[in-house]
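Residue strings, one per chain:
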Amino acid sequence: MVRTPLTPWERERGERFGALLRRARGERSMVEIAAAAGVSAETLRKIETGRAPTPAFFTVAALAGALGLSLDELVAACAPEDERLGEALSA
């Protein structure tokens, strides 16, 4: 099966998601968070660096739980710039 190349937006969203995870992890080790989420440290490293920009839903959910983030927070943080601006203006 050939995978469709990612769009620039998908790559940007992956980088944004990885940066969010790094900030949420703070001083905690990658190994600690990966173990708490039930994923490998290498998987977390790839997600944080943007090399795995489209992780599976259950991986995202497990990482959110391990980091104390809600899925709503993740969606808002990774939404396109114009959607985040619109939400801020309507609040």
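Residues numbered from 1 in each chain as written. Predicted model: local features only at pLDDT ≥ 70, side-chain atom pairs only at ≥ 80, totals over all residues. Heavy atoms only, no water.

Visitor: Just checking my understanding: could you explain the nonpolar core for this structure?
Guide: Nonpolar side chains in soluble globular proteins tend to end up buried together. Ranked by internal contacts, the top residues of the largest apolar core, which has 18 residues, are F17, L21, I33, L44, L63 and L74. No other element matches the five residues that helix α4 (residues 57-67) contributes to this core. Among residues more than four places away in sequence, those in contact with L63 are L21, I33, A37, V39, L44 and I47. (Core = buried A, V, L, I, M, F, W, Y, C linked by side-chain atoms within 4.5 Å. Buried < 20%, exposed > 50% of the residue type's maximum accessible area, 1.4 Å probe, protein only. Helix = DSSP H or I, 4+ residues; strand = E, 2+ residues; numbered from the N terminus. Contact = heavy atoms within 4.5 Å.)

Visitor: What is the right way to look at the confidence of the model for the chain in this model?
Guide: The predicted coordinates of low-pLDDT regions are not to be read in fine detail. Averaged over all residues, the pLDDT of the chain is 88; the fraction at 70 or higher stands at 89%. Least confident of the elements in the chain is helix α6 (residues 81-90), whose mean pLDDT is 53; most confident is helix α2 (residues 30-37), at 98. (pLDDT = per-residue confidence, 0-100.)

Visitor: Mind showing me how you'd approach a nonpolar patch on the surface here?
Guide: On the surface, F57, F58 and L71 cluster together into a nonpolar patch covering about 350 Å² of accessible area. If you trace the backbone, F57 turns up in helix α4. (Patch = residues over 30% accessible without salt bridge, like charges linked within 9 Å, V, L, I, M, F, W, Y side chains within 5 Å. Areas by Shrake-Rupley, 256 points an atom, 1.4 Å probe, with all protein chains shown as cover. Salt bridge = Lys/Arg side-chain N within 4 Å of Asp/Glu carboxyl O.)

Visitor: How do you make sense of the packing of aromatic side chains when you look at a structure like this?
Guide: Both the distance between ring centres and the angle between the ring planes are used here to describe each pair of aromatic rings. Per the counting criterion, the structure on display carries one aromatic pair. Ring geometry for F57 and F58: centres 5.2 Å apart, planes at 80 degrees, overall edge-to-face. Since its relative accessible area comes to 67%, F58 is described here as exposed. (Phe/Tyr/Trp six-rings, centres within 6.5 Å; stacked < 30°, edge-to-face > 60°.)

Visitor: Would you explain the pattern of salt bridges in this entry?
Guide: Side-chain pairing between opposite charges can occur once the charged atoms of the two side chains come close. Scanning the model with the defined rule gives four salt bridges in all. The residue E42 makes a salt bridge to R45 at a minimum N-O spacing of 3.0 Å. Here the residue E42 and the residue R45 both occupy positions in helix α3 (residues 41-49), the gap between them amounting to three residues, near one helical turn. Residue E42 is classed as partly exposed on the basis of its relative accessible area of 34%. Note that E42 and R51 form a salt bridge whose closest N and O atoms lie 3.2 Å from each other. Assessed through its relative accessible area of 53%, R51 is described here as exposed. Within the structure, one salt-bridge network assembled from shared partners comprises E42, R45 and R51.

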